[in-house]
Amino acid sequence: MKIAMVGSGYVGLVSGACLADFGHDVVCIDKDPAKIASLLDGVMPIYEPGLAELVGANVRAGRLAFTTDLAAGIEGASAIFIAVGTPSRRGDGHADLTFVYEVAREVGANLKTPATIVTKSTVPVGTGDEVERIIGEAKPGVEFAVVSNPEFLREGAAISDFKRPDRIVIGAESEFGRQVMSEVYRPLFLNKAPILFTARRSAELIKYAANAFLATKITFINEMADLCEKVGADVQDVSRGIGLDGRIGPKFLHAGPGYGGSCFPKDTLALLKTAEDYDSPTRIVEAVVKVNDSRKRAMGRKVVEALGGDARGKKVAMLGLTFKPNTDDMRDSPSIAIAQALDDAGAKVVAYDPEGMELAKPLMPEVAMAANPYEAIEGADAIVIVTEWDAFRALDLKRVKDIAKAPVLVDLRNVYDPAELRAEGFTYVSVGRV
Ligand code: UGA
């Protein structure tokens with residue numbers, strides 16, 4: 001089957017490479033010539049484990065190609081995926097659909113053979129209706145369907161998430177669309193991945209509801225962590241204790257500095273806007289957004305407290321900048337607000353991150369970047385672990401103690417065992433554990 005993937009960003013590139021790996025003939029299209037040129041050279045625009053190898057292998061096998069020419073790229077494609085960005089619109093937080101509708105117009109103008117147009121971008125309820133209207137307006141003269149197929153990939157684990165999904169959601173209004181999508185995902189049916197066919201609007205909402213629910217779960221355990229600190233309980237035991245209840249489940253109950261990234265902050269906001277537009281408020285999600293926003297800066301205050309309440313002139317070593325490990329993504333990372341809060345309190349922050357420093361620099365000009373964790377720790381009055389990269393899970397604690405000015409460790413990801421660290425002579429502060 002020939003598949004066109006419009007938009008070669010994170011979702012488009014991973015989905016395109018995986019679909020090619022299933023044996024489909026995939027063309028990834030992007031209007032950014034620099035991105036396509038670098039992909040043709042085998043250079044990935046993002047850091048994602050295993051992606052360069054997967055792309056390389058499928059390009060060599062002749063199943064994966066790249067182009068800036070949409071009209072040529074979609075020629076003869078049975079499925080045309082729209083995987084362009086839907087950033088938060090400046091000013092009001094609505095999802096910005098400019099790129100999605102632009103692609104719909106171009107597809108409409110160039111469609112010559114029957115095709116199913118698939119929105120993979122995260123789009124508000126009703127966007128599929130509008131995409132269908134736009135394409136229909138161009139009078140392509142061939143049969144077409146518009147379906148919603150939200151993606152549930154996690155950065156850092158995107159390839160295995162695509163190839164071994166918990167579920168595939170297809171929102172389709174016609175048998176034609178359902179059939180094409182069954183063909184696209186046939187290799188996964190053989191692995192018994194559950195596929196859920198729904199109405200298009202339901203599929204669009206499933207994506208937002210899933211992310212809002214996960215954001216709620218994280219925020220819930222974060223507030224429980226605060227309570228644990230006050231009452232002298234251990235949040236990890238609480239997580240385990242509630243997570244073993246099959247109705248709750250153990251995942252996404254790790255307390256930390258608040259969620260970040262390109263999805264949860266943007267999608268929760270967009271859901272609030274949709275709810276507002278339909279006069280059906282989602283107050284729980286409203287609270288989640290507020291609580292998470294204030295948490296990030298509160299983590300900066302936690303470090304100041306560990307410094308004895310006064311950060312002026314003190315050096316803080318910040319380990320980890322990206323919103324989570326195994327990505328270089330800095331979007332809405334808690335590290336940004338924490339660094340800002342520390343800077344406001346008069347501290348000098350020196351940071352190290354295995355992949356995120358390039359993208360972090362313009363976002364936190366007040367922060368100096370170190371070449372490795374130990375360079376950051378040298379002479380520090382406090383060390384704060386913001387992102388749980390593997391490289392920070394087994395620091396040489398003796399060396400850390402030797403080179404730091406004071407052995408104060410604020411572990412915002414609960415990577416270390418409090419008793420062990422205290423036995424090593426550290427002043428150790430973590431999240432939801434005393
Ligand atoms: C998230 C969802 O997990 C994916 O299913 C979804 O497809 C994706 O958004 C999207 O909409 O595109 P992602 O943003 O890559 O994926 O990252 P997550 O692994 O979900 O982590 C998000 C944030 O929550 C991170 O800042 C992470 O540190 C934080 N988190 C996660 C916690 O603080 N505690 C947890 O228990 C889990």
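The present account deals with the structure reproduced in this document. (Residues numbered from 1 in each chain as written. Predicted model: local features only at pLDDT ≥ 70, side-chain atom pairs only at ≥ 80, totals over all residues. Heavy atoms only, no water.)

A few words on the packing of helix H5 (residues 98-110) against helix H6 (residues 127-137). Two numbers describe how H5 lies on H6: the axes approach to 8 Å, and their chain directions differ by 35 degrees. In the packing of H5 onto H6, the handedness of the crossing is right-handed. Of H6, the residues touching H5 (which contributes Val100, Tyr101, Ala104, Arg105, Val107 and Gly108) are Thr127, Glu130, Val131, Ile134 and Ile135. (Axes fitted to C-alpha atoms, helices over the stretch in contact; angles between N-to-C directions. Helix = DSSP H or I, 4+ residues; strand = E, 2+ residues; numbered from the N terminus. Left-handed = near helix turned anticlockwise from the far one by under 90°. Contact = heavy atoms within 4.5 Å.)

Let us now look at the sheet that holds strand S13 (residues 408-411). The strand order across the open sheet formed by six strands is S11-S10-S9-S12-S13-S14, and the pairing between neighbours is parallel. Where the open sheet ends on each side, the last strands, each with one partner, are strand S11 (368-369) and strand S14 (427-430). In the sheet, strand S9 (residues 315-319) pairs with strand S12 (residues 382-385) via four bridges, with the strands oriented parallel. By the bridge assignment for S12, methionine 318 is matched with valine 384. Lying on the sheet, helix H14 (residues 334-344) is in contact with S9 and strand S10 (348-352); it crosses S9 at an angle near 175 degrees. (Pairing = 2+ DSSP bridges.)

Right, let's talk about the nonpolar core for a bit. Core analysis: the biggest nonpolar cluster contains 56 residues, and Met318, Leu319, Leu342 and Tyr416 have the highest contact counts within it. Residues within four places of methionine 318 in sequence aside, it is in contact with Ser335, Ile338, Ala339, Leu342, Val349, Val350, Ala351, Tyr352, Val384 and Val386. Judged by nonpolar contacts, the second largest core, of 40 residues, contains Ala17, Val26, Phe66 and Met181. (Core = buried A, V, L, I, M, F, W, Y, C linked by side-chain atoms within 4.5 Å. Buried < 20%, exposed > 50% of the residue type's maximum accessible area, 1.4 Å probe, protein only.)

Bringing the site of the ligand into the picture now. Inspection of the region around the ligand gives 19 residues, with Leu153, Glu155, Lys207, Asn211 and Cys263 positioned closest. Here an oxygen atom of the ligand sits 3.0 Å away from a polar atom, N or O, in the main chain of glycine 260. In this structure, an oxygen atom belonging to the ligand sits 3.0 Å away from a main-chain N or O atom of phenylalanine 323. Elements with a contribution of two residues or more to the shell around the ligand: helix H10 (200-231) and helix H12 (264-277). Its residues assigned to classes, the shell around the ligand shows nine nonpolar, three polar and seven charged. A domain-level breakdown of the shell around the ligand finds at least three residues from each of domain 1 (2-198) and domain 2 (200-434). (Near = heavy atom within 4 Å. Polar contact = N/O pair within 3.5 Å; in protein donor to acceptor, adjacent residues only side chain to side chain. Nonpolar A, V, L, I, M, F, W, Y, C, P; charged D, E, K, R; others polar. Domains from an automatic or database assignment.)

Here we take up the packing of helix H1 (residues 10-21) against helix H3 (residues 51-60). At a minimum axis distance of 9 Å, the contact between H1 and H3 shows a crossing angle of 50 degrees. The angle between H1 and H3 falls in the class oblique. By crossing handedness, the relation of H1 to H3 is classed as left-handed. Residues Leu13, Val14, Ala17, Cys18, Ala20 and Asp21 of H1 touch H3, and the partners they reach there are Leu51, Leu54, Val55 and Asn58. A class-by-class count of the residues in the contact of H1 with H3 yields eight nonpolar, one polar and one charged. (Parallel < 35°, antiparallel > 145°, perpendicular 65-115°, else oblique.)

This part is about the pattern of salt bridges. Counted under the stated rule, the structure contains 27 salt bridges. Here aspartate 226 makes a salt bridge to arginine 295, at a shortest N to O gap of 3.2 Å. Here arginine 295 lies in helix H13 (residues 283-306) and aspartate 226 lies in helix H10, a separation of 69 residues in the sequence. For aspartate 226, a relative accessible area of 33% corresponds to the partly exposed category. A residue is classified by how much of its surface remains accessible, and arginine 295, at 6% relative accessible area, is buried. Connected via shared salt-bridge partners are Asp129, Glu132, Arg200 and Arg201. (Salt bridge = Lys/Arg side-chain N within 4 Å of Asp/Glu carboxyl O.)

Further remarks concern the pairing of strand S7 (residues 168-171). Across the two faces of S7 the burial is the same, with Ile168 and Ile170 and Val169 and Gly171 all buried. Strand direction decides the pairing type here: S7 and strand S8 (residues 195-198), joined by four bridges, are parallel. What sits directly across from isoleucine 170, in S8, is phenylalanine 197.

Turning our eyes to something else, we now look at the state of the cysteines. Evaluated as defined, the whole model comprises zero disulfides. Cysteine 18 takes part in no disulfide bond, and the closest cysteine sulfur, belonging to cysteine 28, lies 11 Å away. (Disulfide = S-S within 2.5 Å.)

The next subject is H13. Along its 24 residues, H13 runs 34 Å from first to last C-alpha, staying within 8% of the 34 Å computed at 1.5 Å per residue. Positive backbone phi, approximately 90 degrees, marks glycine 308, located one or two places after H13. (Expected span 1.5 Å × (residues − 1).)

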